[in-house]
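Structural features, examined
As a plain string of letters, each chain reads:
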Amino acid sequence: MFHSKIVGVGHFVPENVVTNHDLEKLMDTSDEWIQERTGIQERRFYTPPEKGSTAKMAYKASLIALERAKLKPDDIDAIVFATLSPDFYFPGSGVLLQHMLGMGTKPALDVRAQCSGFIYALSVADQFIKTGMYKRILVIGSETQSIALDLTTRGRGMGVLFGDGGGAAILEATEEEGKGILSTHLHSQGEFADVLCIREPGTNEKGHSVYENQHLQFDKISPQMDGQLVFKNAIKRMPEVTMEALQANGLTPADIDMFLPHQANLRISQMVQKFLRLPDDKVYNNIQKYGNTTAATLPILLSDLWEQGRIKEGQLFALAAFGSGFTWASTLIRW
Ligand code: ACO
């Protein structure tokens, strides 16, 4: 059986830096509140005149990943694209990226698992590679969240948390044992779907045409969240699913060289780190710079570390995520 090895990663974020002080001018919030509750100092938003999209960020991130892997778009067999903020309601952003990269008629599919999206996408790609169906797959996490955020006091609970960004990873088949993605572990619990969601445009219990609904309500088109319930579940599920991955591979937290937690809140990351008893130099956070970039978070973390020369052959990386759905997931990667 084949295994999947990551041979290149890349990321792209819009140029426009939005600091907490910038948000203070738009809503009743403070740098102190945001930093104390979340650790976030700044994030990137596509703001005019800079124009972009979820697929365009993915394209730029993919070019970097391809260059680092010394590959061309032609070398890629398929795209798995994770996002909750696609360019269109349908089709997904995967096909747009496929066209931008000039990949002929190669397949592209979108994955909708929100903050866990990148690990879900890695898992889908890994299965294609294990069975021998594809040799190289481009896996994306990319989000343009700024367009859905209400940046007034009314929307401050969500507005300060999120940022735009895109990340890419290229998986390649290898026959080397014990290398690459060791395993992936996926969970979901749909009873909590409306605890963190955007309702419109949706089909849930409509009984009428969308054209009749001319006055979309604010609470339906903007993201809604019960933050404390999400927080409580995140600090339980992320350590749990990391331990599940370690146990499945006969490993313990002491074997981890680098832990990458999904970046929803620095306090969540710190609590998960404490549970796993990991020292600071084995955990990497960048929420301070980018906020929560949902499916893009984990590939951006990987690409950041790649740029810093902090990914070394033989190291064991553990990735864990939790988010809307609820969905949660983990993976272990041996470089
Ligand atoms: N600035 C100032 N005050 C604010 C802000 C703000 N931006 N937002 C909310 N407040 C106020 C509230 O109105 C509330 O005021 P009140 O006490 O007078 O009613 C007070 O601050 C406390 O609000 P809480 O929501 O209780 O604050 P909490 O400590 O829970 O922190 C947070 C909120 C940061 C959102 C936290 O709950 C959290 O991180 N939750 C998890 C987020 C997460 O993991 N999301 C999953 C990923 S996202 C995805 O999957 C798409």
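Along each chain, residues carry numbers from 1 onward, in the same order as the chain's sequence is written. Where totals are concerned, whole chains, interfaces and linings use all residues; where local detail is concerned, this predicted model gives features only for residues with pLDDT of at least 70, and gives and counts side-chain atom pairs only at 80 or more. With hydrogens and water excluded, all non-hydrogen atoms of the structure serve as input to the side-chain values.

Focus on the site of the ligand
Summary of the distance rule: residues count as near a molecule or strand when at least one heavy atom falls within 4 Å of that molecule or strand. Taken together, 24 residues surround the ligand, and among them Thr-29, Arg-37, Cys-115, Gln-228 and Asn-265 come closest. Here a polar contact means two N or O atoms within 3.5 Å. Within protein one must be a hydrogen donor candidate and the other an acceptor candidate, and residues neighboring in sequence count only if both atoms are side-chain atoms. Arg-37 is positioned with one of its side-chain polar atoms (N or O) 2.6 Å from an oxygen atom of the ligand. A 1.4 Å probe and the Shrake-Rupley method give the accessible areas. Residues count as covered only by the protein chains that appear here. Within the complex, 73% of the 1,000 Å² of free accessible area of the ligand lies under protein. For the shell around the ligand, the secondary structure elements donating two or more residues are helix H2 (31-38), helix H6 (156-159) and helix H8 (227-248). Counting residues per element, the shell around the ligand draws most heavily on H8, at four residues. Helix and strand definitions follow DSSP, with helices as H or I runs of at least four residues and strands as E runs of at least two, each counted in order from the N terminus.

Regarding the packing of helix H3 (residues 54-69) against helix H4 (residues 93-100)
Close contact between H3 and H4 brings their axes to 9 Å; oriented N to C, the two are set at 50 degrees. Judged by the inter-axis angle, H3 sits oblique to H4. Of the two elements, H3 crosses H4, and the hand of that crossing is right-handed. Residues Thr-54, Ala-55, Lys-56, Ala-58, Tyr-59 and Ser-62 of H3 pack against Ser-93, Leu-96, Leu-97 and Met-100 of H4. By the convention adopted, Pro, Cys, Tyr, Trp, Phe, Met, Ile, Leu, Val and Ala count as nonpolar, Lys, Arg, Asp and Glu as charged, and the other residues, Gly among them, as polar. Per-class residue counts for the contact of H3 with H4 are six nonpolar, three polar and one charged. Only the stretch in contact is used when fitting a helix axis, every axis being a line fitted to C-alpha atoms; angles between N-to-C directions are given from 0 to 180 degrees. An angle counts as roughly parallel when it lies under 35 degrees, as roughly antiparallel when it exceeds 145, as roughly perpendicular when it falls between 65 and 115, and as oblique in every other case. Put simply, a crossing is left-handed when the front helix is turned counterclockwise from the back one by less than a right angle, and right-handed when it is turned clockwise. Contacts between residues were defined by any pair of non-hydrogen atoms, one from each residue, lying within 4.5 Å.

What about the nonpolar core?
Within this scheme, the nonpolar core is defined by two criteria: the residues are buried Ala, Val, Leu, Ile, Met, Phe, Trp, Tyr or Cys, and they are joined through side-chain atoms within 4.5 Å. Using a 1.4 Å probe on the protein chains alone, a residue whose accessible area is under 20% of its type maximum counts as buried, one over 50% counts as exposed, and one in between counts as partly exposed. Ranked by internal contacts, the top residues of the largest apolar core, which has 38 residues, are Ile-256, Phe-259, Phe-322, Phe-326 and Leu-332. Elements with a contribution of two residues or more to this core: H8, helix H9 (266-276), strand E12 (316-323) and strand E13 (327-334). The biggest single contributor to this core is H8, with seven residues. Counting contributing residues, this core receives three or more from each of domain 1 (3-174) and domain 2 (180-334). Residue contacts for Ile-256: discarding those within four places in its chain leaves Thr-242, Leu-246, Leu-278, Lys-282, Leu-316 and Ala-318. In this structure, Val-111, Phe-118, Tyr-134 and Ala-173 belong to the second largest nonpolar core, which totals 36 residues. Delimitation of the domains relies on an automatic or database domain assignment.

Points about the domain arrangement of the protein
As assigned here, the protein comprises domain 1 (3-174) and domain 2 (180-334). One C-alpha centre belongs to domain 1, the other to domain 2; they are set 14 Å apart. Between domain 1 and domain 2, the contact holds 54 residues from the first and 50 residues from the second. Each of two parts loses accessible area, computed with a 1.4 Å probe, when they are put together; buried area is these two losses added. Regarding the contact of domain 1 and domain 2, the summed buried area is about 4,000 Å², with carbon and sulfur atoms giving 66% of it. Considering only the side of domain 1, the residues that lose the most area to domain 2 are His-11, Cys-115 and Ile-119, jointly responsible for 17% of the buried surface there. For this document, the term salt bridge refers to a Lys or Arg side-chain nitrogen within 4 Å of an Asp or Glu carboxyl oxygen. At the junction of domain 1 and domain 2, the tally comes to one salt bridge.

Description of the sheet that holds strand E1 (residues 3-12)
At least two DSSP bridges between two strands are needed for those strands to be called paired. Strands sit in the order E1-E7-E6-E4-E5 across an open sheet of five strands; the sheet is mixed. Of all the strands in the sheet, the pair left with one neighbour each is E1 and strand E5 (108-111). Averaged over all neighbouring strand pairs, the angle between strand axes comes to 20 degrees, with direction disregarded. As judged from the nine bridges shared by E1 and strand E7 (residues 165-174), these two strands associate in the antiparallel manner. Note that in E7 the partner of His-11 across the bridge is Gly-167. Where helix H5 (residues 117-130) meets the sheet, it contacts E1, strand E4 (78-82), E5, strand E6 (136-143) and E7, and its direction lies at approximately 170 degrees from that of E6. Against the sheet, helix H11 (residues 297-307) contacts E1, E6 and E7, and its axis sits at roughly 85 degrees relative to E1.

Looking at the side chain of Thr-184
Here Thr-184 lies in strand E8 (residues 180-188). Look at Thr-184 and you get buried, because its relative accessible area is 17%. At 2.8 Å, the side chain of Thr-184 and the side chain of Ser-123 are in polar contact. Contact partners of Thr-184, with chain neighbours within four places excluded, come to Ser-123, Gln-127, Ser-330 and Thr-331.

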